[in-house]
Amino acid sequence: MISDDRDNGMFKVAPSPHLRKDTSVKKIMLLVILTLMPTTITGIYFFGYHALWVIILSILSAEITEFLALKIQKKDFVLDGSAIITGLLLALVLPPTVPLWVPIVGSFFAIAIAKHAFGGLGQNIFNPALAGRAFLMICWPVLMTRWVTPFDAVTTATPLAALKMHNTFIASNLDLFLGNIAGCIGETSALAILIGGIVLIALKVIDWRTPLSIIGTVFILMLFLGQDPIFHILAGGLMLGAFFMATDYVTTPITGWGRVAFGIGAGLLIVVFRLWSGMPEGVCYSILIMNGFTPLIDRYIKPLPLGVKKTRVDKE
Amino acid sequence: MTNIRRFIWPLANKGVRVPDSKLSKDKQIEDAKIPEIATIYLQQHIGAPCEPLVKVGDYVSVGEKIGDSKSFVSAPVHSSVSGTVLSIEEKIHPSSGLKRDAIVIESDNKDKWIDRKKINDISDFKKDELLQIIRESGLVGLGGAAFPTHVKLSPKNKIDTLILNGCECEPYITSDHRLMVEEGEKIVKGAEIFAKILDAENVLVAIEDNKPDAILTIDNIIKDYDLKNFKVLKTETKYPHGFEKTLIFLATGREVPLVIENRAGLPADVGVVVQNVGTAKAAYDAVYEGKPIIDRVITVTGDVKEQKNLLVRIGTKFSELIDFCGGFNGTIEKVVMGGPMMGICQNDLDVSTIKATNCLLIFGDGMTGYKKRDIIPKDIENPCIRCGNCVKVCPVNLIPTDLAKYARARKFNLCKENNIDACMGCGSCSFVCPSKIELAQLISWAKNEARNIK
């Protein structure tokens, strides 16, 4: 509409602002991948080469599925790193003993169904990695619950399962913190997760509210319910879930208070699942359920704009 | 109640930190050459355009009124050179890129002024008389919005606070900064005129803390004259702290209502009027020296050989300003009127300055004051990943990504329901977006479209 009125000019014309912050989706994804490295490396350190293969195959499968899914939809393929994160996160929440086809199938489900069937990057409702894990849990529950001790790979139960089934603590809180316990590849070492998580918070890539509200809710509720709150925070997938799954931008609320609501809801569900469900662990399902609540949270928790008394203007 | 709401949804600490790149902050204001040809657009303000008062071939002096309108929300325009009216024709206007009526005057290089009535004291003047002088001098907000000053100075409500805006939160621009340092006294005297017209008890001079010399100058002048009702307000250097509504909130804690009595809220509704420091200086010139607004300080910065602060006659061609700064430095990509955050791209240099032109910013491969990656995003737009950065920075607490989504779907009703009118168009959301979505552009477009639906 403007061009009709213009003579041919010499310069580029673009909307303001003319300065942009030096940030991109790729950079954010790269940072998340880097901060997952302590967790990945400790996982490989504890559970050996098999864990490394699980991770590699999971990432490869995710990236290839991403490529094919975009090709089928006739979209351009860009290596933005989001599929790498999905593949990596899925591998980190798999037991170290799974056959090597399991991560391939899981990543395929995560990318093809949980991500692209919902519309691709930015459109998926459920965290793809967790959806992949949930799918594998339902289809191959036996493969998904075969746990081994670190280093010597002796079959054992996870600390949470031991508590649930036999009402015993099989690991000290220090072992839980360092990760010297049976569990998923990337879930065992709270320390490694904390290092990455704190870096992400310091770089303002993720919001501190989400992990704090999840961990805080679980801590307080477990304390009041007469459980060992430290144990429950360090055990299972809580740390990885709180710092890396529940902070996934796409599937969690966009406002600060929305994220707090999300965290409290997830924390509440984790406590319910751990104490009263048939499963020892519930972080995966808790976050997936809260993912489903995210649009609702975003609809009702909105910031109050300058100069108005109500967030939403009522229809007349 | 409002306090609890603001505790939950704070407005403080919003905005973005942009490298301020004030390249010309130590450059004294220089007089630019009086142009051979002055192009005076008939609309240089918000409101009704002026009707020409002269014919082709007429002789005009500097400061002669050549265009005016009967409408209240309008401001007359004056000749900035002495000479003959060459033509009255359509010229490309720098703020819209569209052809708009303008009076073209050829200078006779004599710089012959109209008779100017100079005064030393305003205490004998009535408010109406001062207001009349300000209107006749064609004063508009010189910070960029160009809202007629006399309209702002005729509020229906009681005004208790006058805020003098010297924040200059846009990067690169230093025209207000230099004006405060060099002409601080005139600014303070201009503010006194405003305060007298408004009966305002308090005058706050808001200056961002990246201008310590300006803060010092103004503070000293206030002390020298022993002005009890004046105060310097040091604000944090953050964009967009210099925006009217943001500044009012930061300075007084009051929120300009978005809608009041079925019209858009104004600062006067909360007892505040904000005026730019440049406008205050122009008011001094108009009242004390009988000089209508025929020139202003413009920062020419970025990829020019020498960055300068120039006192420029209104209607000077952009190309002349660039020549005056030694020409371009390297290959030029963009020429922007205004700052980098809200400035308007120019298609070519055959346009002339208007009252609201505070800066001419040149982006090219000289990379003066910025890095390549900062200016021209080469990345294709990515889908929104809902990172929430735009929500975090939005100075008016909107959800820019949602509004942009509704805008793309042409759901203007939804935009309206979500208070799209609160958007000031500052561009902070586009600045931080990692997906490089043109949020500000989409929102300002939708805001206009939403206005048309009832």
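Asks: Looking at this structure, I do not really get the domain arrangement of chain B. What am I missing?
Replies: A common way to state how big an interface is: give the accessible area lost once the parts meet. Looking at chain B, the domain boundaries give domain 1 (19–23 + 118–289), domain 2 (32–116 + 292–364) and domain 3 (389–450). Domain 2 of chain B and domain 3 of chain B are separated by 32 Å when their C-alpha centres are compared.

Asks: What's the story with the interface of chain A and chain B in this structure? I'm lost.
Replies: Of the residues lining the interface, 37 residues belong to chain A; the matching set on chain B comes to 62 residues. Grouping the constituent residues of the side of chain A that touches chain B by class yields 20 nonpolar, nine polar and eight charged.

Asks: Just to check I follow, could you spell out the pairing of strand β11 (residues 230–235) of chain B for this structure?
Replies: Two faces belong to every sheet, and in a regular strand the side chains alternate between them. Residue and element names in this part refer to chain B. Pairing between strand β10 (residues 202–208) and β11: six bridges, direction parallel. Its bridge partner being in β11, Val 203 is matched across the sheet by Phe 230. Handedness of the crossover joining β10 and β11 through helix α6 (residues 212–224): right-handed.

Asks: Could you clarify how one ought to interpret the sheet that holds strand β17 (residues 332–337) of chain B in this entry?
Replies: Two pairing modes exist for strands in a sheet, parallel and antiparallel, and in both the strands are linked by backbone hydrogen bonds. Residue and element names in this part refer to chain B. Ordered by their spatial adjacency, six strands build an open sheet running β1-β16-β15-β19-β17-β18, and the pairing between neighbours is mixed. The strands lining the two open edges of the sheet, one partner per strand, are β1 (29–31) and β18 (344–346). Averaged over neighbouring strand pairs, the angle between their axes works out to 30° when direction is ignored. Where β17 meets strand β19 (residues 359–364), five bridges bridge the pair, whose relative direction is antiparallel. Each residue of the ladder has a partner; that of Val 335, found in β19, is Ile 362. Of the strands in this sheet, β1, β15 (295–302), β16 (308–313) and β19 are in contact with helix α4 (residues 175–182), which crosses β15 at around 125°.

Asks: Help me understand the pairing of β16(B) in this model?
Replies: Residue and element names in this part refer to chain B. For β16, the buried fraction is high: five of the six residues fall into the buried class. With three bridges connecting them, β1 and β16 associate as parallel partners. What sits directly across from Ile 29, in β16, is Asn 309. Sheet topology note: the β15/β16 ladder contains six bridges and is antiparallel. What sits directly across from Thr 299, in β16, is Asn 309. In this antiparallel pair of consecutive strands, β15 and β16, the connection spans five residues.

Conventions used here
Residue positions are counted from 1 within each chain, in the order its sequence is given. Chains carry letters and ligands carry numbers; both start at the beginning, A for chains and 1 for ligands, and go up in the order they are written. In view of the model being predicted, local features appear only for residues whose pLDDT reaches at least 70, and side-chain atom pairs are presented and counted only at 80 or more, with totals across whole chains, interfaces and linings using the full set of residues. An automatic or database domain assignment provides the domain bounds reported here. Here contacts are defined at the residue level, using C-beta atoms placed from the backbone and a cut-off of 7 Å between them. Basically, the charged four are Asp, Glu, Lys and Arg, the nonpolar ten are Ala, Val, Leu, Ile, Met, Phe, Trp, Tyr, Cys and Pro, and anything else, Gly included, counts as polar. For two strands to be treated as a pair, DSSP must find at least two bridges joining them. Helix and strand assignments follow DSSP, with helices taken as H or I runs no shorter than four residues and strands as E runs no shorter than two, numbered in order from the N terminus. With the strands aimed away from the viewer, a crossover counts as right-handed if its path from the first strand over the helix to the second runs clockwise. To obtain each axis, a line is fitted to C-alpha atoms, and for helices this fit is confined to the stretch in contact; angles are then taken between N-to-C directions over 0 to 180 degrees. With C-beta atoms placed from the backbone, a residue is buried if 20 or more other C-beta atoms are within 10 Å of its own, exposed if 12 or fewer are, and partly exposed between those counts.

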